[in-house]
Amino acid sequence: MKTTRYIFVTGGIMSSLGKGIAAASIGALLQSRGWSVKIKKMDPYINFDPGTMSPYRHGEVFVMSDGGETDLDFGHYERFTGIECTKNDTITTGKIYTDVLNRERKGEYLGSDIQVVPHITDEIKKFITSDEGKADFVVCEVGGTVGDIEGLPYIEAIRQLTQEMTKSLVLLVHLTYIITIRISGEQKTKPTQNSVQQMRSLGLSPDILLCRTESPMEDESKKKLQTFCGVKYENVIEALDTDNIYKIPTQYHESGLDKQICEHFGIGTTKSDEEAIKTKWGSLCSKIASTRGSVDIAIVGKYTKLKDAYISLNQAIIHTGMHLGTQININWIDADNDDVIPQLRGMKAIIVPGGFGARGYLNKVNAIKYSRENKVPYLGICLGMQLAVIESCRNICGVDANSSEFSETGEFVVDFLDTWVNKDGKVEIRKVSDNKGGTMRLGAHVCNIKPGTLASRVFGGSDKIVERYRHRYEVNIAKYSDLFEKAGIVFSGMSEDGTLPKIMERQDHPYFIGTQSHPELISSPFNPHPLFVELIKAGIAL
Ligand code: GLN
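A brief report on the enclosed structure follows. (Residues numbered from 1 in each chain as written. Predicted model: local features only at pLDDT ≥ 70, side-chain atom pairs only at ≥ 80, totals over all residues. Heavy atoms only, no water.)

Some thoughts on unusual backbone geometry
Phase 1 of the analysis: Omega for the peptide link from Val117 to Pro118 comes to 15 degrees, which places this bond in the cis form.
Phase 2 of the analysis: A positive phi angle is found at Leu110, which is not glycine, with a value near 50 degrees.
Phase 3 of the analysis: Tracing the backbone shows Leu110 in the loop between helix 4 (93-105) and helix 5 (116-128).
Phase 4 of the analysis: By relative accessible area, which is 77% here, Leu110 ends up exposed.
Phase 5 of the analysis: Positive phi, normally seen in glycine, also occurs at Lys375, with a value near 55 degrees.
Phase 6 of the analysis: Looking at the element boundaries, Lys375 is found in the loop between helix 14 (361-373) and strand 14 (378-381). (Helix = DSSP H or I, 4+ residues; strand = E, 2+ residues; numbered from the N terminus. Buried < 20%, exposed > 50% of the residue type's maximum accessible area, 1.4 Å probe, protein only.)

In structure tokens form, the structure reads like this:
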């Protein structure tokens, strides 16, 4: 049994300061020091999970290997640490109440009245400590901002834990924002002081202040925070804005964050730990610094106004750029409003990402036609693959091809997926009228690759790959295989049972490939996904 230490990451003043990246970076630094780490998140909203939340409002839904549909922060955790997270690493208020109420209905509370304290807080504590003894560190991010009504039970649960546990096993990191007044250049710490005061009124005092700032922190600001927030001077850590999030672990390290964490827990630091951090994260910084030249690509999607809606895709492209040593400029094209074709001129590659619903789909089909006819490298992701199949059937064979997701009439070359076989051999059956939440084909599945195809080359000759999925509709190969052949579509990847097309390609084109999976979910800065790397390489070779 390991001694498990707990690090809570809370946020102050406002949202969007990057708590997820902070938690991921803390996990990554401890991991580089040789410790085993588990990263978890508690989200105070009432939804059961983010599966049905709009990407416009909430950003991307990240899909875990086990099929969990979760918050985009899990993408950061996985990309920074390489640890596969699971459904059990996340809770929302909705999930906790559902569990507690189900138990109440079964009579498990023996007639007592159910209260936030202790019943809900007990459930939260159970979640936090469920990996006790299994990992050296549990880093637990608390969603929202300290003081939010929804977040109170979580803060209270942490307060109880800090009392129940040995003090030396718990650490509170509070991520906050230092405001710089543009005209005078003056740094202001008052909002942080207020936020810490609010935390104290709830019974918690941060041990470390992680200070997001756009200008290097002045000594005076640090001293003020030390005095007014009761935090050690060395524990006021600067978190300077950066142009690339993969520089953050190195920045934190240089600001002394992991050293202070080790000191808090009374664990020694060695020279070789320092070297390990420099080798792993410093080498990424060198890669970023040595980037030369640039290439322009287009992404034709529907949620382009909120970049968080495509955060993993954006990151996968950053990984590719770092790997190839080139800057990749993404031109986000709004399929719903923009005049698409003129904007595609001069692009070295085109991506149509995943999406739901009919809005903007015709413009995406037109963009695909443009890339097919003009031999511009194309990558279709999930919906982007389905639309590539529809495009070829329409424009090459003149068939009124469609998806039953968008239309009531036409040839449904893409149709509702009602039956499939899972990894464990279990048959899944779905109806159109099922609940929307958690009912798609979700998570990691095996895909068999046909030798001698573009897909086989992209995946280095592997005949089996594992990718993550999140879709409800499927290319209907059982009914339309003759049409697909006439349209020149080759299905170079099939589901393990051989029934579902997972990768399509065109062999009359330098790089035209569509995948039903979401390759962006498994790309990392240390392991960029080959579908993006080969796409950009093909674009550069144009
Ligand atoms: N809307 C399509 C489906 O449900 C594609 C989903 C996606 O792109 N993630 O199959």
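Here we look at helix 15 (residues 383-397)
Residues spaced three or four apart along an α-helix face the same direction, because each turn holds 3.6 residues.
Phase 1 of the analysis: Helix length check: helix 15 (15 residues) gives 21 Å between terminal C-alpha atoms against 21 Å at 1.5 Å per residue, within 8%.
Phase 2 of the analysis: The element helix 15 is largely enclosed, with a buried count of 12 among its 15 residues.
Phase 3 of the analysis: Leu383, Gly384, Met385, Gln386, Leu387, Ala388, Val389, Ile390, Glu391, Ser392, Cys393 and Arg394 are the residues of helix 15 that are buried.
Phase 4 of the analysis: Positive phi appears at Gly398, one or two residues downstream of helix 15, with a value of about 65 degrees. (Expected span 1.5 Å × (residues − 1).)

Focus: the pairing of strand 13 (residues 349-352)
Looking along a regular strand, one sees side chains alternate from face to face of the sheet.
Phase 1 of the analysis: Residue alternation in strand 13 divides its side chains into two sets, Ala349 and Ile351 and Ile350 and Val352, and both sets are buried.
Phase 2 of the analysis: Examined bridge by bridge, strand 11 (residues 294-301) and strand 13 share 3 bridges and lie parallel to one another. Within strand 13, the position partnered with Ile299 by the bridge is Ile351.
Phase 3 of the analysis: As paired strands, strand 13 and strand 14 are joined by 3 bridges and run parallel to one another. Of the residues in strand 14, the one forming a bridge with Ile351 is Leu379.
Phase 4 of the analysis: For the crossover from strand 13 across helix 14 to strand 14, the handedness is right-handed. (Pairing = 2+ DSSP bridges. Right-handed = clockwise from strand over helix to strand, strands pointing away.)

Let's talk about the site of the ligand
Phase 1 of the analysis: Close contacts around the ligand come from Gly354, Gly355, Phe356, Cys382, Leu383, Gln386, Glu405, Arg470, His471, Arg472, Tyr473 and His518, and that covers them all.
Phase 2 of the analysis: In this structure, a nitrogen atom belonging to the ligand sits 3.0 Å away from a main-chain N or O atom of Arg470.
Phase 3 of the analysis: Arg472 is positioned with one of its backbone polar atoms (N or O) 2.9 Å from an oxygen atom of the ligand.
Phase 4 of the analysis: Bound to the protein, the ligand loses 99% of the 290 Å² it would expose on its own.
Phase 5 of the analysis: Elements with a minimum of two residues in the shell around the ligand: helix 15 and strand 20 (464-471).
Phase 6 of the analysis: For the shell around the ligand, a count of residues per class yields 4 nonpolar, 5 polar and 3 charged. (Near = heavy atom within 4 Å. Polar contact = N/O pair within 3.5 Å; in protein donor to acceptor, adjacent residues only side chain to side chain. Areas by Shrake-Rupley, 256 points an atom, 1.4 Å probe, with all protein chains shown as cover. Nonpolar A, V, L, I, M, F, W, Y, C, P; charged D, E, K, R; others polar.)

Let's talk about the side chain of Arg506
Phase 1 of the analysis: For Arg506, the position within the fold is in strand 23 (residues 501-506).
Phase 2 of the analysis: For Arg506, a relative accessible area of 4% puts it in the buried group.
Phase 3 of the analysis: Only 2.7 Å separates the side chain of Arg506 from the backbone oxygen of Ala487, close enough to count as a polar contact.
Phase 4 of the analysis: A distance of 2.9 Å separates polar atoms of two side chains, one belonging to Arg506 and the other to Asp508.
Phase 5 of the analysis: Residues in contact with Arg506, not counting those within four places in the same chain, are Arg372, Ser392, Ile396, Ala487, Gly488, Ile489 and Phe512. (Contact = heavy atoms within 4.5 Å.)

Observations concerning the packing of helix 12 (residues 311-324) against helix 18 (residues 530-540)
Phase 1 of the analysis: Orientation of helix 12 relative to helix 18, taken along the N-to-C sense of each, is 60 degrees, at an axis distance of 9 Å. As the angle between them shows, helix 12 and helix 18 are arranged oblique. Here the hand of the crossing between helix 12 and helix 18 comes out right-handed. Only Phe532, Val533, Ile536 and Lys537 of helix 18 make contact with helix 12, whose side of the interface consists of Leu313, Ala316, Ile317, Thr320, His323 and Leu324.
Phase 2 of the analysis: Along the lines of polarity and charge, the residues of the contact of helix 12 with helix 18 split into 7 nonpolar, 2 polar and 1 charged. (Axes fitted to C-alpha atoms, helices over the stretch in contact; angles between N-to-C directions. Parallel < 35°, antiparallel > 145°, perpendicular 65-115°, else oblique. Left-handed = near helix turned anticlockwise from the far one by under 90°.)

Some details on the nonpolar core
Phase 1 of the analysis: The biggest cluster of nonpolar side chains holds 47 residues, and the ones touching the most others in it are Ile7, Ile26, Leu210 and Ile261.
Phase 2 of the analysis: The leading source of residues in this core is helix 1 (residues 19-32), at 8 residues.
Phase 3 of the analysis: Look past the residues within four positions of Ile26 in its chain and what remains in contact with it is Ile7, Val9, Val139, Val173, Leu257 and Ile261.
Phase 4 of the analysis: Membership of the second largest hydrophobic core comes to 39 residues, among which are Ala335, Phe416, Ile489 and Met494. (Core = buried A, V, L, I, M, F, W, Y, C linked by side-chain atoms within 4.5 Å.)

Describing the sheet that holds strand 13
Phase 1 of the analysis: With mixed pairing, the 9 strands of this open sheet are ordered in space as 12-11-13-14-24-23-22-19-20. With partners counted over all chains shown, the strands left at the sheet margins are strand 12 (327-334) and strand 20, one partner each. Across the sheet, the mean angle from the axis of one strand to that of its neighbour is 25 degrees, orientation sign disregarded.
Phase 2 of the analysis: Here strand 23 runs beside strand 24 (residues 512-515); their pairing, made up of 3 bridges, is antiparallel. In the strand pairing of strand 24, Ile503 is matched with Thr515.
Phase 3 of the analysis: In the packing of helix 12 onto the sheet, contacts are made with strand 11, strand 12, strand 13 and strand 14, and the angle to strand 12 comes to roughly 155 degrees.
Phase 4 of the analysis: Packed onto the sheet, helix 14 meets strand 11, strand 13, strand 14, strand 23 and strand 24 and runs at close to 150 degrees relative to strand 13.

Details of the sheet that holds strand 21 (residues 473-475)
The strands that make up a sheet pair up through hydrogen bonds in the backbone, lying either parallel or antiparallel.
Phase 1 of the analysis: Read from one edge to the other, the open sheet built from 3 strands follows the order 15-16-21, with strand pairing classed as mixed. Each edge of the open sheet carries a strand with a single partner, namely strand 15 (401-403) and strand 21. Recorded for the sheet is a direction-independent mean angle of 30 degrees between the axes of neighbouring strands.
Phase 2 of the analysis: Where strand 15 and strand 16 (residues 411-416) come together, 3 bridges link them in parallel fashion. Of the residues in strand 16, the one forming a bridge with Ala401 is Glu411.

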